[in-house]
Amino acid sequence: MGSDRRPPIAIRWLADLVVIALGVLIALWVNNLNAERLEHRQEQAYLRGVLQDLGSDSAQLAYRSELADRGLHAADRLLELRRNLSSTPTADSLAVWLSHAAFVDNFTPQDHTYREILGAGGLTLIRDAELRRSISGYYRSIESAAFFTDWYKNEEEAYWDLLAVRLDPNDFEAVTRSEVAAGNLNVERVLAQLRTDNEIVNAILMNRHWTQLRLEITARRIAANQSLADTLRVTF
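Summarised in this report is the structure supplied together with it. This is a predicted model, so every value here is computed, not measured.

Remarks on the pattern of salt bridges
Logical step 1: Within the structure shown, the criterion is met by 10 salt bridges.
Logical step 2: Ionic pairing is found between Glu-80 and Arg-77, a salt bridge with its closest N-O pair at 3.2 Å. Here Arg-77 and Glu-80 lie together in helix 1 (residues 9-83), a separation of three residues that amounts to about one turn.
Logical step 3: Relative accessible area serves as the criterion here: at 25%, Arg-77 is assigned to the partly exposed category.
Logical step 4: Ionic pairing is found between Arg-115 and Asp-111, a salt bridge with its closest N-O pair at 3.1 Å.
Logical step 5: One continuous salt-bridge network, built from bridges that share partners, spans Arg-166, Asp-197 and Glu-199.

So this is what it looks like as C-alpha cells:
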C-alpha cells in the first residue's frame, strides 16, 4: 500500500489563493497599462489640438500687427498734414488715412481645445508640469489683456462720432466708404478742418496711443504664441 504524497489541503488552498492573487494583479497591471496608454493618447490629441489652435492664433496676431502698423502710419500722416501746411495729399490717401486712424482690436483666441481640457478634468491631464504652466500662462495672458478692447472701442466710437459731426456729410461718407467713394472727398475742406480742429487732432492722438499699446501687446502675444508652439512641437 503506497503512501499518500499529496500536499495538505491547506497548502493546496494557499497555492490556489496565490494563483488567484497573481491573476488579479496581472489583470490590474494590464488594465492600468491600457488606461495609461489611453490617457497618453488623449493627452497627445489635446496637445495637437492646442498646437493647431496656436496656428490659428498666429495668423490672427500677424494680421492684427499689420492693422496696428497701418493705424500708426495713418495717424502719423494726418498729424504731419497739420504741421506741414504745404502738403496736399490725394483724396484717396486722405480718405484712407482718416479711415485707418482708428480701429477696434477684436482678437479672439482659438481656445476650443483649452476649454475642452478644462472641461474634461483640468490641466492635470497634461503630465508635464512645465508644459501645464506654459499653456495656462499663455491663455491667462490673452484673457488679462482682453479688457483693453473696451477702451479701444470707446476711443474709436468717439473718433467716428466726432468726424460725423465736424466733417461735411459728403466728406464723412467718402471717408467711411473710402474704397468706393474716396473720389468725392473735398481735400481742401477736410484739410482746413483737420488743421483748425483741435478735438479731431486730440482724437487722432488718443487713438494713436491705444494703437501703439495694441502693437506692443500683440508683439508680446506673438512671442508667447511662438514659445508655446515651439515647446509643444518638441513633445511630438
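Following the structure, the description resumes.
Focus on the packing of helix 2 (residues 91-100) against helix 8 (residues 187-196)
Logical step 1: At a minimum axis separation of 10 Å, helix 2 and helix 8 run at an interaxial angle of 40 degrees. One finds that helix 2 runs oblique with respect to helix 8. The interaxial crossing formed by helix 2 with helix 8 has left-handed handedness. In this structure, helix 2 contributes Ala-91, Leu-94 and Leu-98 to the contact, and helix 8 contributes Val-187, Val-190 and Leu-191.
Logical step 2: Partitioned by chemical class, the residues of the contact of helix 2 with helix 8 number six nonpolar, no polar and no charged.

Details of the nonpolar core
Logical step 1: With 28 residues, the main nonpolar core has Leu-78, Leu-81, Leu-94, Leu-98, Tyr-159, Leu-185 and Ile-204 as its most contacted residues.
Logical step 2: The residues touching Leu-78, leaving out its near neighbours within four places in the chain, are Leu-94, Trp-97, Leu-98, Ala-101, Tyr-159, Leu-194 and Ile-204.
Logical step 3: Membership of the second largest hydrophobic core comes to 19 residues, among which are Leu-51, Ile-117, Ile-135 and Leu-232.

Thoughts on the packing of aromatic side chains
Logical step 1: Within the structure shown, the criterion is met by four aromatic pairs.
Logical step 2: Aromatic side chains Tyr-138 and Tyr-139 sit 5.0 Å apart centroid to centroid with 80 degrees between the ring planes, which places their arrangement in the edge-to-face category.
Logical step 3: When its relative accessible area of 2% is taken as the criterion, Tyr-138 is described as buried.
Logical step 4: Judged by relative accessible area, Tyr-139 falls into the buried class, the value being 2%.
Logical step 5: An aromatic cluster is built from Tyr-114, Tyr-138 and Tyr-139, whose rings are joined through pairwise contacts.

Re helix 4 (residues 129-144)
Note that an α-helix has 3.6 residues per turn; residues three or four places apart therefore point the same way.
Logical step 1: Taking 1.5 Å as the rise per residue, helix 4 with 16 residues should run 22 Å; its terminal C-alpha atoms sit 22 Å apart, in good agreement.
Logical step 2: Every buried residue belonging to helix 4 is among Leu-131, Ile-135, Ser-136, Tyr-138, Tyr-139 and Ile-142, and all of these are buried. Taken down its axis, helix 4 places every buried residue within 155 degrees of arc, on the same side. In this structure, helix 4 carries Arg-133 and Arg-140 as exposed residues pointing more than 90 degrees from its buried face.
Logical step 3: The backbone nitrogen of Glu-130 lies 2.9 Å from a side-chain oxygen of the residue at the head of helix 4, namely Asp-128.

What counts, and at which threshold
- Residues numbered from 1 in each chain as written.
- Predicted model: local features only at pLDDT ≥ 70, side-chain atom pairs only at ≥ 80, totals over all residues.
- Heavy atoms only, no water.
- Salt bridge = Lys/Arg side-chain N within 4 Å of Asp/Glu carboxyl O.
- Helix = DSSP H or I, 4+ residues; strand = E, 2+ residues; numbered from the N terminus.
- Buried < 20%, exposed > 50% of the residue type's maximum accessible area, 1.4 Å probe, protein only.
- Axes fitted to C-alpha atoms, helices over the stretch in contact; angles between N-to-C directions.
- Parallel < 35°, antiparallel > 145°, perpendicular 65-115°, else oblique.
- Left-handed = near helix turned anticlockwise from the far one by under 90°.
- Contact = heavy atoms within 4.5 Å.
- Nonpolar A, V, L, I, M, F, W, Y, C, P; charged D, E, K, R; others polar.
- Core = buried A, V, L, I, M, F, W, Y, C linked by side-chain atoms within 4.5 Å.
- Phe/Tyr/Trp six-rings, centres within 6.5 Å; stacked < 30°, edge-to-face > 60°.
- Expected span 1.5 Å × (residues − 1).
- Arc of directions from axis to C-beta.
- Polar contact = N/O pair within 3.5 Å; in protein donor to acceptor, adjacent residues only side chain to side chain.

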